[in-house]
Amino acid sequence: MWCELLQVNFFDEYQIEGVSPDANEICLEVAPENLSRALKTAQNAKSVKIKLTKKHCPCLTLAAELPSLSSVSRVVTHDIPVDVIPRRLWHDYKEPSMPDFDVSIYLPPLKTMKNVVDRMKNLSNFLVIEANLSGEMNLKIETDLVSVTTHFKDLGNPPWGDDASQSRSQSRDPAAMAHARLDIKKLLQFLMGQQVNPSKAMCNIVHKRIVHLIFLHEDVSLQYFIPAVA
């Protein structure tokens, strides 16, 4: 999974001193539940400051100034332990490259898709997702006892233009389906975890290899890669 937040969209002021002028960034590993718990206390804060500090270990220190009935300000401070990722490992944390997909299609409403996949999980551990360049998508499960398919039409296909990632799909028959067989729990885990309704939700399929999901919501982009299974 890959999510990117632009600093200028979330912070009025920010200052960073990376490891060097040509690598002006810092990579940290943090337990998401610790960060989430700290941010919840800051929901109604007048201001929030986040900085990297050195306490008993490297920490993200979050200081939230809370509303007060008196002239004395109330500041709640959280020290969240983090691990600093050494520069030699930074390449493992770079944004994944866009796969050379066969088909790119807009997803149906996520709530509908989640309900369909949730019902299918009771019948099979695997699901086949297939789509074409005519705006059609199918979700299928097949077992020795049952075969179930849900059809979606008129979803539309994203206009990637001359993007190099579309080289496979440019000469593809619009009606031809590209498909991938997925672990249904991995797809459902992703769908169940969505707390926002993205302005755009897209699915790129590399035939029999990978499904690449992209969610766009305001200034946040979220990418999710699910490898196909045989």
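Here the structure is a predicted model, which means the values were calculated and not measured.

Trainee: Can you break down the overall build of the chain residue by residue, with the values?
Mentor: Helix and strand content of the chain: three helices and 13 strands. The C-alpha radius of gyration of the chain comes to 22 Å, more than 25% above the 17 Å expected for a compact globule of 230 residues. Counting over 230 residues, the chain shows a buried share of 33%. For the chain, long-range pairs separated by at least 24 residues make up 58% of all intrachain contacts whose partners lie at least 6 apart in sequence.

Trainee: I'd like to hear about the sheet that holds strand β12 (residues 210–217), residue by residue, with values.
Mentor: Pairing is antiparallel in the open sheet, where five strands are placed in the order β1-β13-β12-β11-β6. Of all strands in the sheet, those with a lone pairing partner are β1 (2–5) and β6 (103–106), marking the two edges. Going across the sheet, the axis of each strand differs from the next one's by a mean of 15 degrees, ignoring polarity. Bridge count for β12 against strand β13 (residues 220–227) is eight bridges, and the pairing is antiparallel. Bridging from a neighbouring strand, Ile210 pairs with Pro227 of β13. Relative to β13, helix α3 (residues 184–192) is tilted by about 170 degrees, and along the sheet it contacts β12 and β13.

Trainee: Please set out a nonpolar patch on the surface residue by residue, giving values where relevant.
Mentor: A cluster of nonpolar side chains, namely Leu5, Leu6, Val8, Phe10, Phe11, Tyr14, Leu39, Val48 and Ile50, defines an oily patch on the protein surface of about 830 Å² accessible area. The exposed category is assigned to Val8, whose relative accessible area is 58%.

Trainee: Run through the pattern of salt bridges, naming residues and quoting values.
Mentor: Once the charged atoms of two side chains with opposite charge are near each other, the side chains can pair. Scanning all chains against the criterion turns up seven salt bridges. A salt bridge links Lys46 to Glu65; the shortest N-O distance between them is 3.7 Å. You can see Lys46 sitting in the loop between α1 (32–40) and β3 (47–54) and its partner Glu65 sitting in strand β4 (residues 58–66), a full 19 residues away along the chain. Among the residues examined, Glu65 registers a relative accessible area of 25% and is labelled partly exposed. A salt bridge links Lys140 to Glu130; its shortest N-O distance comes to 3.7 Å. With Lys140 in strand β8 (residues 137–142) and Glu130 in strand β7 (residues 126–131), this residue pair connects regions lying ten residues apart in the sequence.

Trainee: Could you give me a rundown of α3, with the residues and numbers involved?
Mentor: Where α3 is concerned, the buried positions are Ile184, Leu187, Leu188, Phe190 and Leu191. Along the axis of α3, the buried positions cluster into a sector of 160 degrees, meaning they face one direction only. Among the exposed residues of α3, those oriented more than 90 degrees off its buried face are Lys185 and Gln189. Those residues of α3 hidden inside the fold are in contact with α2 (110–120), β7, β10 (178–183), β12 and β13. Between a side-chain oxygen at the N-terminus of α3 and the backbone nitrogen of Lys185 the separation is 2.9 Å; the capping residue is Asp183.

Trainee: Which residues make up the pairing of strand β9 (residues 147–152), and what values go with them?
Mentor: Relative to β9, β8 runs antiparallel, the two sharing six bridges. Along β9, the bridge assignment pairs Ile141 with Val148. Here β8 hands over to β9 after four residues, the two strands then running antiparallel side by side.

Trainee: I'd like a rundown of the domain arrangement of the chain, residues and numbers included.
Mentor: By the assigned domains, the chain splits into domain 1 (25–92) and domain 2 (103–160 + 173–227). Relative to domain 2, the C-alpha centre of domain 1 lies at a distance of 35 Å.

Trainee: Before we move on, can you summarise the packing of aromatic side chains with the specific residues and values?
Mentor: In this structure the tally under the stated criterion is two aromatic pairs. Ring centres of Phe190 and Phe215 lie 5.0 Å apart, and the angle between their planes is 45 degrees; on these two criteria the pair is classed as tilted. With Phe190 in helix α3 and Phe215 in strand β12, this residue pair connects regions lying 25 residues apart in the sequence. Considered together, Phe190 and Phe215 belong to a single accessibility category, that of buried residues.

Trainee: Kindly report on unusual backbone geometry, identifying the contributing residues and their values.
Mentor: Phi is positive for Asp154, which is not a glycine, with a value near 55 degrees. Exposure remark for Asp154: the relative accessible area of 74% places this residue in the exposed category. Positive phi values are uncommon outside glycine, yet Lys208 reaches one of about 65 degrees. Under the relative-accessibility criterion, Lys208 is labelled exposed at 57%.

Procedures and definitions
- Residues numbered from 1 in each chain as written.
- Predicted model: local features only at pLDDT ≥ 70, side-chain atom pairs only at ≥ 80, totals over all residues.
- Heavy atoms only, no water.
- Helix = DSSP H or I, 4+ residues; strand = E, 2+ residues; numbered from the N terminus.
- Rg over C-alpha atoms; globule rule 2.2 N^0.38 Å.
- Buried < 20%, exposed > 50% of the residue type's maximum accessible area, 1.4 Å probe, protein only.
- Contact = heavy atoms within 4.5 Å.
- Pairing = 2+ DSSP bridges.
- Axes fitted to C-alpha atoms, helices over the stretch in contact; angles between N-to-C directions.
- Patch = residues over 30% accessible without salt bridge, like charges linked within 9 Å, V, L, I, M, F, W, Y side chains within 5 Å.
- Areas by Shrake-Rupley, 256 points an atom, 1.4 Å probe, with all protein chains shown as cover.
- Salt bridge = Lys/Arg side-chain N within 4 Å of Asp/Glu carboxyl O.
- Arc of directions from axis to C-beta.
- Polar contact = N/O pair within 3.5 Å; in protein donor to acceptor, adjacent residues only side chain to side chain.
- Domains from an automatic or database assignment.
- Phe/Tyr/Trp six-rings, centres within 6.5 Å; stacked < 30°, edge-to-face > 60°.

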